[in-house]
Amino acid sequence: MGLRELGLRRAYDSGARETDVLLDFYIPALGAAVRYDRLAGFFSSASLAVAARGIAGLIQNGGAMRLVACPQFPRSDLALLASMDAPADLMSLAERAAMAALDVDMLADEIARDHVRALGWMLAEGRLEIRLAVPRDMDTFREGLFHQKVGLIADSSGDVITFSGSINETAAAWLENVEQFMVFRSWAEGDAELIDFSEGMFSRYWERASANVEVVPLPDAVSRKLISYAPTDIAELDLGEYERQRRTRRRTPTVQLRTYQEEAVEAWLAAGGRGILEMATGTGKTKTAAECLARLHGQDGKQFTVITAPYQHIAAQWVTELPQYDPILAHGGTKWKAELANAFSRVQLGLQEQITVVAVQDTAGSSTFLELVGKASSRFDRLVFVGDEVHGLGAPETRKALLDMYTHRLGLSATPTRWFDKDGSKVLEDYFGGVVYTFGIKEALEWHDPQTGLSALCPYRYLPQRVHLDGSELEEYLKLTQRIIYLLDKDDLESQTKLEQLYFLRAGIVKTASQKLRGLESVLDAIPDIRHGLIYCHSKEQMAAVAEVLHRRRITYHRFTGDEGTTPSPEFDGLTERASILKGLDSGAYQVLLAIRCLDEGVDVPSARLGIILASSSNPREHIQRRGRLLRRAPGKHEAVIYDLVVTPDPAAILDPVMRKAEHDVLSKEMERIQEFGANAKNALEVHTWVLKLLSELA
């Protein structure tokens with residue numbers, strides 16, 4: 001991989017949060033390099049150590065390095081430099097100053113000492129050449145020769161980058177380096193002139209073409225001293241220790257698990273590190289999975305982990321939850337291929353022992369991702385696959401991500417069985433080994449934290465609201481029902497295709513029933529304090545009609561369509577547009593969010609405590625996910641209330657017995673959903689009575 005594939009930034013500042021110039025710049029850049037030229041400031045053990053950071057990749061590539069540095073002359077020698085003519089005398093002063101400054105024992109950190117030793121090895125192997133820049137007058141020295149450090153890195157294809165800026169080269173700079181520098185690229189428009197300038201600057205010093213500076217070869221005595229620090233074999237040095245230290249420093253404290261989460265972890269481990277955790281939305285599946293990974297990371301050996309999520313925003317949440325593993329985010333909008341290739345190279349060089357990738361399901365099943373992962377699999381002792389919202393991986397395209405090479409497999413979902421897809425459900429069961437632990441909504445509402453006394457999920461009341469079709473809607477609905485009845489006994493492909501279309505059309509009438517807006521108004525009238533609400537709509541047209549109702553009532557709202565930006569922006573105070581909207585609901589800036597399906601899965605809205613469902617499908621996953629959005633715990637939240645607007649037939653309008661039976665059958669399936677919603681509600685008996693009364697009317 002070359003320099004231009006690395007996705008290097010234009011500027012680096014070690015003072016910026018979560019920026020590490022070694023991990024983010026030096027290691028990947030020198031990992032692609034075959035030539036490294038550096039103006040290194042003063043010649044000392046510390047400056048050599050800093051100049052050598054990330055050098056392992058250059059060594060692995062068989063690359064070479066040229067370095068120019070200035071000896072630190074004592075004040076007594078500075079006056080002699082201006083009048084000294086004999087080259088031998090100049091070399092003698094330079095040698096004395098360089099010898100005094102070269103002492104690896106002065107470096108308190110073993111990592112820094114190893115990198116000076118690596119330079120000694122390169123010098124002995126003829127892959128490093130050092131020259132000393134000697135100022136010929138006091139002014140040049142006082143101005144701080146090479147105060148602005150310059151580096152040039154070239155790869156095998158001829159691409160070049162140059163970086164220049166302020167770099168701390170003191171002995172303390174190895175782990176706590178202070179750097180701000182700009183990066184220019186030979187292939188970038190407008191950078192060519194700056195590349196030429198930097199190359200010209202380096203060449204002037206290297207070729208001794210400066211009037212006020214004499215550049216001399218590294219004295220033999222200094223060369224021998226530096227080589228004396230070198231190992232016989234470069235493999236004796238652990239040049240990856242800094243990276244491991246950095247990653248260790250980023251690790252977060254171990255999180256205290258709830259008893260049921262600990263049970264889930266133990267169940268998965270007891271099953272050989274394979275299985276699906278079927279846990280209700282809001283019970284901490286991510287935290288439980290993180291502990292599973294932590295248990296594996298505590299074992300010896302190299303580990304490669306792939307975590308898949310259905311959407312980009314859920315993948316981003318995983319990256320936030322696992323900072324200790326420095327996850328690579330893989331989706332169409334990131335430069336994940338270069339990051340992953342660099343990470344594989346670091347593992348091969350011994351610079352790190354684990355890689356964690358969080359990939360959107362579509363990306364994880366792509367040929368590019370599968371090819372990269374497949375080639376690198378032999379480098380690891382453990383290969384771990386985590387499927388969040390695992391039900392999505394049973395589809396024909398996404399199931400391609402389920403490679404046989406993974407030694408450990410963890411599936412997460414509140415609803416792992418795929419709806420009307422026995423084949424896809426069987427694929428997931430066979431691959432992961434079935435469900436090894438279940439903690440459903442009933443268990444989550446009955447379990448109580450021994451410290452707070454609170455249940456895992458917030459208790460809720462479920463209030464179904466009956467709505468009828470108007471005259472024209474009922475007429476169209478009955479026509480479609482007649483056609484459906486006619487096709488029910490036909491099993492040819494054409495009839496089954498038409499039947500699916502008719503079901504879809506009839507469901508659309510129910511979901512967009514005009515009386516639902518009146519029902520919504522009645523619900524709003526019954527709520528004295530409307531806040532932290534979610535209203536689920538069927539379509540953008542219905543959403544617009546609902547927005548008009550809210551506007552008329554002066555209820556503040558915001559649409560949540562799923563198209564919101566997921567990149568932090570100053571426009572939203574450094575948040576993403578999506579996060580800014582959710583924050584608005586949390587703070588009370590918006591009383592209600594309007595959504596279609598984008599709040600069904602993977603969006604955390606813990607403050608939400610009011611739900612109004614205007615439309616829903618018969619897929620149980622949709623109901624469970626929507627309820628889960630409302631049952632997460634939040635400060636001051638003691639109860640959630642869910643209103644469900646249910647379209648039911650008017651018995652007086654359906655006189656034909658065959659039609660009545662057909663409607664009774666359809667309604668019975670709808671009532672199964674309502675019964676399930678009501679079974680775990682605080683008002684379960686009330687819901688059960690409501691359902692029995694409704695069914696008796698159509699009997």
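See the structure shown above.
Residues numbered from 1 in each chain as written. Predicted model: local features only at pLDDT ≥ 70, side-chain atom pairs only at ≥ 80, totals over all residues. Heavy atoms only, no water.

1. Quick look at the overall build of the chain
A count of helices and strands for the chain gives 26 helices and 21 strands. When the 699 residues of the chain are sorted by exposure, 53% land in the buried category. Counted over contacts in the chain with a minimum sequence separation of 6, partners at least 24 positions apart contribute 77%. Carbon and sulfur atoms make up 51% of the accessible area of the chain, which amounts to about 31,200 Å² in all. (Helix = DSSP H or I, 4+ residues; strand = E, 2+ residues; numbered from the N terminus. Buried < 20%, exposed > 50% of the residue type's maximum accessible area, 1.4 Å probe, protein only. Contact = heavy atoms within 4.5 Å. Areas by Shrake-Rupley, 256 points an atom, 1.4 Å probe, with all protein chains shown as cover.)

2. Let's talk about the packing of aromatic side chains
Summed over all chains, the structure comprises 18 aromatic pairs. With a centroid separation of 5.7 Å and an interplanar angle of 15 degrees, the aromatic rings of Phe202 and Trp206 are classed as stacked. Here Phe202 pairs with Trp206, and both are found in helix α8 (residues 192–206), just four residues apart, close to one helical turn. We note that Phe202, like Trp206, is buried. Ring centres 6.2 Å apart and planes at 65 degrees place the aromatic pair Phe344 and Phe380 in the edge-to-face group. Of the two residues, Phe344 is situated in helix α14 (residues 336–348) and Phe380 in the loop between α16 (367–376) and β13 (382–388); the sequence distance between them amounts to 36 residues. As far as burial versus exposure is concerned, Phe344 and Phe380 are alike and both buried. Connected via pairs of aromatic rings, a cluster forms that spans Phe25, Tyr26, Phe163 and Phe181. Looking at Arg409, its charged tip hangs above the ring of Tyr431, at a distance of 4.0 Å from the centre. (Phe/Tyr/Trp six-rings, centres within 6.5 Å; stacked < 30°, edge-to-face > 60°. Lys NZ or Arg CZ within 6 Å of the ring centre and 35° of its normal.)

3. As for the pairing of strand β12 (residues 354–360)
Along β12, seven of the seven residues are buried, which leaves the element largely enclosed by surrounding structure. Taking every second residue as pointing to the same face, both faces of β12 are buried, with Gln354, Thr356, Val358 and Val360 on one and Ile355, Val357 and Ala359 on the other. When strand β10 (residues 303–309) meets β12, the two strands line up parallel, connected through seven bridges. The partner of Gln303 across the bridge, within β12, is Gln354. Relative to β12, strand β11 (residues 328–330) runs parallel, the two being bridged by three bridges. Counted as the bridge partner of Ile328 is Val357 from β12. (Pairing = 2+ DSSP bridges.)

4. Comments concerning the sheet that holds strand β20 (residues 610–613)
In space, the six strands of this open sheet follow the order β16-β21-β20-β17-β19-β18, with parallel pairing throughout. Bordering the open sheet on either side are β16 (460–467) and β18 (557–560), each of which pairs with just one other strand. Taking each pair of neighbouring strands and ignoring which way they run, the sheet shows an average axis angle of 15 degrees. Judged from the four bridges that link them, strand β17 (residues 533–536) and β20 form a sheet pairing that is parallel. Bridged to Gly533 within β20 is Leu610. Against the sheet, helix α22 (residues 540–552) touches β17, β18 and β19 (592–595), its axis set at about 170 degrees to β18. (Axes fitted to C-alpha atoms, helices over the stretch in contact; angles between N-to-C directions.)

5. Here we look at the packing of helix α21 (residues 515–526) against α22
Close contact between α21 and α22 brings their axes to 11 Å; oriented N to C, the two are set at 35 degrees. When you trace α21 past α22, the crossing you get is right-handed. Judged by residue contacts, Lys516, Leu517, Leu520, Glu521 and Leu524 of α21 engage Gln542, Ala545, Val546, Val549, Leu550 and Arg552 from α22. (Left-handed = near helix turned anticlockwise from the far one by under 90°.)

6. A few points about the sheet that holds strand β14 (residues 408–413)
The seven strands are arranged β11-β12-β10-β13-β14-β9-β15 in an open sheet whose pairing can be described as parallel. Unpaired on one side and paired on the other, β11 and β15 (435–439) mark the two borders of the sheet. Strand after strand, the sheet turns through a mean of 15 degrees between neighbouring axes, direction not considered. As judged from the five bridges shared by β13 and β14, these two strands associate in the parallel manner. In the sheet register, Val386 faces β14, and the bridge partner there is Leu410.

7. Structural notes on the pattern of salt bridges
Where charged atoms of side chains with opposite charge meet at close range, the side chains can pair. On inspection of all chains with the given rule, the structure shows 26 salt bridges. The salt bridge involving Asp114 is made with Arg117; its shortest N-O contact spans 2.7 Å. With Asp114 and Arg117 both in helix α6 (residues 110–124) and three residues apart, the pair spans about one turn of that helix. In this structure, Asp114 and Arg117 share a single accessibility class: buried. A salt bridge links Glu494 to Lys498, with the shortest nitrogen-to-oxygen separation between them at 3.5 Å. (Salt bridge = Lys/Arg side-chain N within 4 Å of Asp/Glu carboxyl O.)

8. Re the environment of Leu499
Examined against the element boundaries, Leu499 turns out to sit in helix α20 (residues 493–511). Each C-alpha atom of the pair Leu499 and Ile484 lies 6.2 Å from the other, and the pair is 15 residues apart in sequence. In contact with Leu499, not counting residues within four places along its chain, are Ile484, Leu487 and Leu488.

9. Focus on the pairing of β20
Every second residue of β20 is oriented toward a common face, with Leu610 and Ile612 on one face and Gly611 and Ile613 on the other, all of them buried. Note: β20 against strand β21 (residues 640–647), four bridges, orientation parallel. Each bridged residue has a counterpart across the sheet, and for Gly611 the counterpart in β21 is Ile642.

10. Considerations on the environment of Ile509
Note on placement: Ile509 falls in helix α20. Its relative accessible area of 13% is what places Ile509 among the buried residues. Along the chain, Ile509 and Glu473 lie 36 residues apart, while their C-alpha atoms are 6.7 Å from each other. Setting aside residues no more than four positions away along its own chain, Ile509 makes contact with Leu469, Glu473, Glu476, Tyr477 and Leu480.

11. With respect to the environment of Ser539
Tracing the chain through its elements places Ser539 in the loop between β17 and α22. Taking the C-alpha atoms as reference, Ser539 lies 8.9 Å from Lys511; in sequence the two are 28 residues apart. Among the polar contacts made by the side chain of Ser539, one reaches the main-chain amide nitrogen of Gln542 at a distance of 3.2 Å. (Polar contact = N/O pair within 3.5 Å; in protein donor to acceptor, adjacent residues only side chain to side chain.)

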